[in-house]
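# Fold and contact review
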Amino acid sequence: MAQRKSSPPEPPLTSAAGWQGVVVDWSGDREAFKVPWGKAMMWVFLLSDTFIFGGFLTGYMTVRISTTVPWPNPSEVFALTIGGTAVPLILIAIMTFILISSSGTMAMAVNFAYRRERVKCAALMLATAALGACFVGLQAFEWTHLIVEEGVRPWSNPLGAPQFGSTFFMITGFHGLHVSAGVIYLATVALKVLGGRYEKSGNYQIVEIAGLYWHFVDLVWVFIFAFFYLW
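Residues numbered from 1 in each chain as written. Predicted model: local features only at pLDDT ≥ 70, side-chain atom pairs only at ≥ 80, totals over all residues. Heavy atoms only, no water.

Further remarks concern unusual backbone geometry. Phi is positive for L89, which is not a glycine, with a value near 60°. Secondary-structure assignment places L89 in the loop between strand 2 (85-87) and helix 4 (90-114). Take L89: its relative accessible area is 15%, and that puts it in the buried class. With a phi close to 60°, R116 is a non-glycine residue in the positive phi region. You can see R116 is positioned in the loop between helix 4 and helix 5 (118-149). Under the relative-accessibility criterion, R116 is labelled partly exposed at 42%. (Helix = DSSP H or I, 4+ residues; strand = E, 2+ residues; numbered from the N terminus. Buried < 20%, exposed > 50% of the residue type's maximum accessible area, 1.4 Å probe, protein only.)

See the structure below:
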């Protein structure tokens, strides 16, 4: 009985040496640990952003605990007068609801992207961007109220501890910058999806990557809301 010859093992994947190999790997979208480069780099970026926001919040808590001047009451500072009655944190509650709702629309957009229903995916991404724009608009209204009506500045605060203004504008401003960038990012990807940019390849991972960024922005706001507005 003839013995069956075994086929020789396939040679391992190799890359060119030096910078040329790095360029070939990146341009070829080679995967490390079965994770695409785009998603891996987004995770690296979000990890670095986590340290930045963590440092900001840690600094804020340290300043608030160590200051000898009374800290303003957030329920009074961020209250809005509606019908002659001051409603505490009503604007912040609306902003939080909008941002959490946008996380839901983004999750549905990712689902429709992997089902290759690009019209629904693009519509939900644009809805997410619109909700993000509403959040930024309300944040601008909040800043205007504090600066014009309350007289709060980054270097001074007539309501109490002077560090209140600097920490508030730094943390919420940095987060608002992330939301604004996310709105532009989502709108750009949504228009590409709607135009069929990813239809031929069937690879809609860019939508999931954009979703990772947006969910991170939402999660950071939960911590800001808890530490700055409720504490």
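Having seen the model, we can carry on.
In this section: the nonpolar core. If you look at the biggest cluster of nonpolar residues, it comprises 55 residues, and the most contacted ones within it are F78, M125, V207, W221, F228 and Y229. Put simply, the parts of the chain that give this core at least two residues each are helix 2 (37-66), helix 4, helix 5, helix 6 (163-194) and helix 7 (205-229). Of all the elements, helix 7 adds the most residues to this core, at 14 residues. Setting aside chain neighbours within four positions, we find V207 in contact with M106, A109, V110, A113, C121, M125, V189 and V193. (Core = buried A, V, L, I, M, F, W, Y, C linked by side-chain atoms within 4.5 Å. Contact = heavy atoms within 4.5 Å.)

The subject of this paragraph is the packing of helix 5 against helix 7. Contact pair helix 5 / helix 7: the axes reach a minimum separation of 13 Å and the direction vectors enclose 30°. When the axis of helix 5 is compared with that of helix 7, the two are roughly parallel. Here helix 5 runs over helix 7; the crossing is left-handed. Here C121, M125, T128, G132, F135, Q139 and E142 of helix 5 come into contact with helix 7, specifically with V207, A210, W214, W221 and Y229. A breakdown of the residues in the contact of helix 5 with helix 7 according to their chemical character gives 8 nonpolar, 3 polar and 1 charged. (Axes fitted to C-alpha atoms, helices over the stretch in contact; angles between N-to-C directions. Parallel < 35°, antiparallel > 145°, perpendicular 65-115°, else oblique. Left-handed = near helix turned anticlockwise from the far one by under 90°. Nonpolar A, V, L, I, M, F, W, Y, C, P; charged D, E, K, R; others polar.)

Another aspect to go through is the pattern of salt bridges. This model, assessed by the stated rule, comprises 4 salt bridges. Of the charged contacts in the structure, one is a salt bridge between R116 and E199, with a shortest N-O distance of 3.4 Å. Taken as a pair, R116 in the loop between helix 4 and helix 5 and E199 in the loop between helix 6 and helix 7 lie far apart in primary sequence, 83 residues in all. Between K120 and E117 there is a salt bridge; the shortest N-O distance is 3.4 Å. Among the charged side chains, a network of salt bridges with common partners joins R115, E117 and K120. (Salt bridge = Lys/Arg side-chain N within 4 Å of Asp/Glu carboxyl O.)

Reported here for the largest pocket is a volume of approximately 190 Å³. Lining the largest pocket, in full, are T50, F53, G54, L57, M61, F216, L219, V220, F223 and F227. Put simply, the parts of the chain that give the lining of the largest pocket at least two residues each are helix 2 and helix 7. When its residues are assigned to classes, the lining of the largest pocket shows 8 nonpolar, 2 polar and no charged. (1 Å grid on protein atoms, 1.4 Å probe; cavity = no way out; pocket = protein on both sides within 12 Å on 5 of 7 lines; lining within 4 Å. Points joined across faces, edges and corners; volume = space filled by probe spheres on them.)

Attention now moves to the packing of aromatic side chains. Here the structure, examined in full by the defined rule, presents 24 aromatic pairs. Plain terms: the ring middles of Y60 and W231 are 6.0 Å apart, the flat faces sit at 90° to each other, and that makes the pair edge-to-face. Highlighted residues: Y60 in helix 2 and W231 in the segment after helix 7, separated in sequence by 171 residues. Both rings, one in F168 and one in Y229, keep their centres 6.5 Å apart while their planes meet at 85°; by these two values the pair is edge-to-face. One end of the pair, F168, is in helix 6; the other, Y229, is in helix 7, with 61 residues separating them in the sequence. Here the two residues F168 and Y229 agree in accessibility, since each one is buried. Seen from the ring of W231, R64 lies directly overhead, with NZ or CZ sitting 4.6 Å from the centre. (Phe/Tyr/Trp six-rings, centres within 6.5 Å; stacked < 30°, edge-to-face > 60°. Lys NZ or Arg CZ within 6 Å of the ring centre and 35° of its normal.)

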